[in-house]
Amino acid sequence: MRIFREPAKLQRWAKMRRLAGAKIALVPTMGYLHEGHLSLIARAKAAGAEEIVVSVFVNPVQFGPGEDYEKYPRDEKADLAKCRAAGATAVFFPTPQNMYREGHSVYVVEEDLSRGLCGARRPGHFRGVATVVAKLFNLVRPDVAVFGQKDYQQAQIIRRMVRDLNFDIKIIVAPIVRESSGLARSSRNTYLSETERLRAVAISRALASVAAGRSVAAERRRIVRMLEQAALKVDYVEMVDAETLRPVKKLAKGVAVLLAVYDGKTRLIDNRVLH
Ligand code: AMP
């Protein structure tokens, strides 16, 4: 497994592999890898990729002031071991300085899907995400890139960016990997105390209880109540069209239920698409 820290070196190697005919997959992450991330690597392998590049970068541009950029968990050694065991062929560990050189002034802004939901609560977040993913796409020029449904809005924005900016990359969105309690795996779960972890179980329970056919307003109120009864502070609960992310009137197939809550100081997101 190769380890790159310099963008230019990664780019050179990826170009060489591409010219040699290798099918390349990219799995962008912020590290502190867990089963959710590893499932993306497995998905890349299943897609027939010969080179699987995992990027590990806590991207400062996607964090707002007062968010957890500094305290975001990092463990380079463990991440390397996990990547190797999962079958990654290259890992990219850039520094903020070599990703954003002095005077960096170009950003990618998606102007529709990123307006609501997490975009409304975390101004600039998706600008940071789209920018770093576009940079990674240009460095690696992968055939496929794998994202998780855990970050539903993010995955939709990336798909839109690929469509609108003509990236020749197939986007795969892999299902949410959960702990046995139902809690969606997340690097941020490490912030949770035992009590908070127990409360967080209400999130997946609430999502699982949503049923098609009911009224959106009543169902939304019921979900909010379930979360609040578990002592979670609701940031948002929204029922939207799974493609356009616009609010819907009826709960039916093709509706995504997206939510964000605070469990103590930790912000957790989760979602479910009704089938
Ligand atoms: P992160 O390191 O949290 O930025 O996540 C990197 C990628 O892994 C994103 O595409 C996430 O959607 C995906 N991911 C994170 N957690 C999970 C999970 N529990 N199941 C599936 N994919 C996940």
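Look a little higher up for the structure.
A brief look at the structure comes next.

Procedures and definitions
- Residues numbered from 1 in each chain as written.
- Predicted model: local features only at pLDDT ≥ 70, side-chain atom pairs only at ≥ 80, totals over all residues.
- Heavy atoms only, no water.
- Buried < 20%, exposed > 50% of the residue type's maximum accessible area, 1.4 Å probe, protein only.
- Helix = DSSP H or I, 4+ residues; strand = E, 2+ residues; numbered from the N terminus.
- Arc of directions from axis to C-beta.
- Contact = heavy atoms within 4.5 Å.
- Pairing = 2+ DSSP bridges.
- Axes fitted to C-alpha atoms, helices over the stretch in contact; angles between N-to-C directions.
- Phe/Tyr/Trp six-rings, centres within 6.5 Å; stacked < 30°, edge-to-face > 60°.
- Lys NZ or Arg CZ within 6 Å of the ring centre and 35° of its normal.
- Parallel < 35°, antiparallel > 145°, perpendicular 65-115°, else oblique.
- Nonpolar A, V, L, I, M, F, W, Y, C, P; charged D, E, K, R; others polar.

This part covers helix α3 (residues 76–86). For α3, the set of buried residues is Asp79, Leu80, Cys83 and Ala86. The buried residues of α3 occupy one face: seen down the axis, they fall within an arc of 135°. Exposed and facing more than 90 degrees away from the buried side of α3 are Lys77 and Ala85. Here the buried face of α3 lies against β1 (2–4), α2 (35–46), β3 (51–56) and β4 (90–92). Positive backbone phi, at 100°, marks Gly87, one or two positions downstream of α3.

Quick look at the sheet that holds strand β9 (residues 266–273) now. Spatially, β7-β8-β9 is the arrangement adopted by the three strands of the open sheet, whose pairing is antiparallel. Unpaired on one side and paired on the other, β7 (233–241) and β9 mark the two borders of the sheet. Each adjacent strand pair in this sheet contributes to an overall mean axis angle of 10°, direction not counted. Relative to β9, strand β8 (residues 255–263) is paired through eight bridges, and the arrangement is antiparallel.

Turning our eyes to something else, we now look at the environment of Ala208. Along the chain, the position of Ala208 falls in helix α8 (residues 194–209). Distance from Ala208 to Asn271, taken between C-alpha atoms, is 9.5 Å for residues 63 residues apart in sequence.

On to the packing of aromatic side chains, then. In the structure shown here, the tally under the stated rule is six aromatic pairs. Between Phe63 and Tyr72, the aromatic rings sit 6.0 Å apart at their centres with planes inclined by 75°, giving edge-to-face as the arrangement. Tyr72 sits in the buried class, given a relative accessible area of 6%. A ring pair is formed by Phe137 and Phe167, whose centres lie 5.4 Å apart and whose planes are at 70°; its orientation type is edge-to-face. In this pair, Phe137 sits in helix α6 (residues 125–140) while Phe167 sits in the loop between α7 (152–164) and β6 (170–174), placing the two residues 30 residues apart along the sequence. Counting every residue linked through ring pairs, the aromatic cluster contains Phe63, Tyr69 and Tyr72. Residue placement shows Lys71 over the ring face of Tyr191; its charged tip is 4.4 Å from the ring centre. Here Arg74 stacks its cationic end above the ring of Tyr69, 5.0 Å away from the centre of that ring.

For the rest of this paragraph, the subject is the packing of helix α1 (residues 7–19) against α6. Axis separation between α1 and α6 bottoms out at 7 Å; the angle between their running directions is 50°. In this view, α1 runs oblique relative to α6, as classed from their interaxial angle. Across the interface between the two elements, Pro7, Leu10, Gln11, Ala14 and Arg18 of α1 pack against Asn138, Leu139 and Val140 of α6. Residue composition of the contact of α1 with α6, grouped by class: five nonpolar, two polar and one charged.

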